[in-house]
Amino acid sequence: MTRPETARPALLWLRRDLRLHDNAALAAAVASGRPVLPVYVLDDDTPGAWRMGAASRWWLHHSLTALQAELQARGAPLVLRRGPVASVLPALVAETGAAEIHAGKPGEPWARTALAGLSAGVPVHLHRTQTLHSLDGVRTQTGTPYGVFTPYSRACRVLGPVPPPLAAPAHITAAPAPASDTLEDWGLLPSRPDWAGGLRASWQPGEPHARRQLAEFVAGGVQTYDALRDRPGMESTSRLSPALHFGEISARAAWQAAAHTVGAGGNGVEKWHNELLWREFSAHLLFHAPGLPERPLKPAFAAMPWRDDPAQLRAWQRGETGVPIVDAGMRQLWQTGWMHNRVRMIVASFLVKHLLLPWQAGAAWFWDTLVDADLASNSASWQWVAGCGADAAPYFRIFNPVLQGAKFDPEGTYVRRYVPELARLPAQVIHAPWDAPALVLRASGVSLGGNYPAPIVDLAAGRQRALDALASISKGQP
Ligand SMILES: Cc1cc2nc3c(=O)[nH]c(=O)nc-3n(C[C@H](O)[C@H](O)[C@H](O)COP(=O)(O)OP(=O)(O)OC[C@H]3O[C@@H](n4cnc5c(N)ncnc54)[C@H](O)[C@@H]3O)c2cc1C
């Protein structure tokens, strides 16, 4: 007996769009009139694939759990399969008789290559689900991609109003589900040691929570975002980066929610929109420069005399450099899987400049430990800080971590929270305990080189070494 053509399912491949609201791929699959077969593929095996880091895998486990519940409530189970997408998807088409595939357009080079090589024998419809604008569609007047943020963001803003988000389907007609892995099969969570306690205490992955978090942020934080966003000791930013990375919330929903908030004309909304455009810009850069995660965009930086110092890299990773704001940031990252943006810039600058260690080593650590690890934003930001990226901060502008700490964490709130050894130090010396009188250190219970390290690098000497390294390659620069 042959099935009627319309009974052949529409396969919905979900990847970084783990949501029901404003999901153009889901909407199109439902609109096809066919039963829908949602699938998530854990792809660690495609050559060149950026295997998700440990913190991302923790997030993914919980995000997929939430998605399973949301889909089930509307009548459609989520199928889980593991392997290279280029073989898993065709196998699923053959197994289920699917007539078409709907998916979000990937931005990562390896995922685009895998998709291009997909030969499933059915039409593959790609929809924009991850960004506000087409990664290829925003171009300069001469038709080239943008390399500088400000004109890029201007070009985005004149593209016209961001369209309203799509509603979630009330009901999904499900296709008969083929066999599925279970999340437990995938072992995404740590077993022994269980290092995820801080993540559990800090986050609730999944679309329902992301929507609540966005609503709370636009009702409160966005108005003061411009004034307070650089203060790591305060909860002044949205913390939506993991939800945006995994697509639990769409960039369009985030943009629109802020645009329609009370007092939307204020600088807070404008600034926050700008950050969403930095996310777009990073994706645009990766789209046009697939080597972004590995190679400096400014070729002269390939000759940079980076050092190889495993002990110092380890001290940086563990938050044991003896520089309080750096250690606080690295410990926030280790404990919670996230770090405040200002502090990301400080710790990154410290690594590539004061320690003269390669930005790729820092990016790799972030990739493994961030819950929002994003190939585009992480690579572009590291290159930006290292001075070798598009529109980068010049390499010779070297953040002084003591001055940065005093300016953005003036009471030392952030350092006290993450470096408890220093909690009793007065604010005046908390960012440079080596300058504190011995009496003050003793009264605060701080022993430099004892319960808290002495700085692993002399800041002035490290700065000079970085400038000398730059001078050594700058002869080759235009
Ligand atoms: C060295 C370094 C590495 C970084 N790695 C990542 C990463 O892997 N993933 C990631 O999402 N962000 C990364 N960022 C950018 C930024 O630090 C985070 O997006 C931000 O801290 C997330 O916090 P939030 O959600 O509260 O942001 P908000 O301030 O509330 O901003 C809203 C959203 O805009 C986007 N955004 C904000 N700032 C940036 C930026 N500078 N570049 C790109 N997008 C931005 C994020 O999606 C963010 O959720 C990195 C920055 C640096 C300096």
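Quick note: structure is the one above.
Residues numbered from 1 in each chain as written. Predicted model: local features only at pLDDT ≥ 70, side-chain atom pairs only at ≥ 80, totals over all residues. Heavy atoms only, no water.

> For this particular structure, what's the right way to read the overall build of the chain?
Scanning the chain from terminus to terminus reveals 21 helices and five strands. For the chain, whose C-alpha radius of gyration is 24 Å, the value lies close to the compact-globule estimate of 23 Å for 478 residues. Seen through its C-alpha atoms, the chain measures out along the principal axes to roughly 90 × 50 × 45 Å. When burial is assessed residue by residue, the chain has 54% of its 478 residues classed as buried. If you sum the accessible surface of the chain, you get close to 20100 Å²; carbon and sulfur atoms cover 56% of it. Here the chain carries 45 positive and 39 negative side-chain charges, and the mean point of each set is 3 Å from the other. (Helix = DSSP H or I, 4+ residues; strand = E, 2+ residues; numbered from the N terminus. Rg over C-alpha atoms; globule rule 2.2 N^0.38 Å. Buried < 20%, exposed > 50% of the residue type's maximum accessible area, 1.4 Å probe, protein only. Areas by Shrake-Rupley, 256 points an atom, 1.4 Å probe, with all protein chains shown as cover. Lys, Arg positive; Asp, Glu negative; His and termini not counted. Charge placed at Lys NZ, Arg CZ, Asp CG, Glu CD.)

> I would appreciate a short explanation of the sheet that holds strand β2 (residues 36-42) in the present structure.
Neighbouring strands of a sheet are bound in pairs by backbone hydrogen bonds; such pairs are parallel or else antiparallel. Strand order in this open sheet of five strands is β3-β2-β1-β4-β5, and the pairing throughout is parallel. Strands with a single pairing partner mark the edges of an open sheet, and in this sheet they are β3 (79-82) and β5 (124-127). On average, each strand axis in the sheet is tilted by 25° relative to the strand beside it, whichever way the strands run. With four bridges joining them, strand β4 (residues 100-104) and β5 adopt parallel strand pairing. Paired with Gly104 across the bridge in β5 is His127. (Pairing = 2+ DSSP bridges. Axes fitted to C-alpha atoms, helices over the stretch in contact; angles between N-to-C directions.)

> Hey, could you run me through the side chain of His245 in this one?
Mapped onto the fold, His245 is located in helix α10 (residues 241-246). Apart from the residues within four sequence positions on either side, His245 is in contact with Arg16, Asp372, Ala373 and Asp374. (Contact = heavy atoms within 4.5 Å.)

> Where do I start with the packing of aromatic side chains in this structure?
The description of an aromatic ring pair uses the distance of the two centres, along with the angle that the planes make with each other. This structure, assessed with the given rule, holds 18 aromatic pairs. Judged by centre distance (5.1 Å) and plane angle (50°), the ring pair of Phe217 and Trp272 falls under tilted. Linking Phe217 in helix α8 (residues 207-219) with Trp272 in helix α12 (residues 267-288), this pair joins segments that are 55 residues apart in sequence. Of the two residues, Phe217 and Trp272, neither departs from the other in class, the shared state being buried. The ring of Phe287 carries the charged tip of Arg112 above its face, separated from the ring centre by 3.8 Å. (Phe/Tyr/Trp six-rings, centres within 6.5 Å; stacked < 30°, edge-to-face > 60°. Lys NZ or Arg CZ within 6 Å of the ring centre and 35° of its normal.)

> Looking at this structure, I do not really get the site of the ligand. What am I missing?
Lining the immediate surroundings of the ligand are 28 residues, of which Tyr225, Thr237, Ser238, Arg239 and Asn341 lie closest. Interatomic distance of 3.0 Å between a side-chain N/O atom of Glu275 and a nitrogen atom of the ligand. In the environment of the ligand, a nitrogen atom lies 3.4 Å from a nitrogen or oxygen atom belonging to the backbone of Arg279. Looking at the shell around the ligand, the elements with two or more residues in it are α10, α12, α15 (341-354) and α17 (375-386). In terms of residue count, the dominant contributor to the shell around the ligand is α12 (six residues). Its residues placed into classes, the shell around the ligand shows 14 nonpolar, eight polar and six charged. Among the domains, domain 2 (131-165 + 206-288) and domain 3 (299-472) are the pair contributing at least three residues each to the shell around the ligand. (Near = heavy atom within 4 Å. Polar contact = N/O pair within 3.5 Å; in protein donor to acceptor, adjacent residues only side chain to side chain. Nonpolar A, V, L, I, M, F, W, Y, C, P; charged D, E, K, R; others polar. Domains from an automatic or database assignment.)

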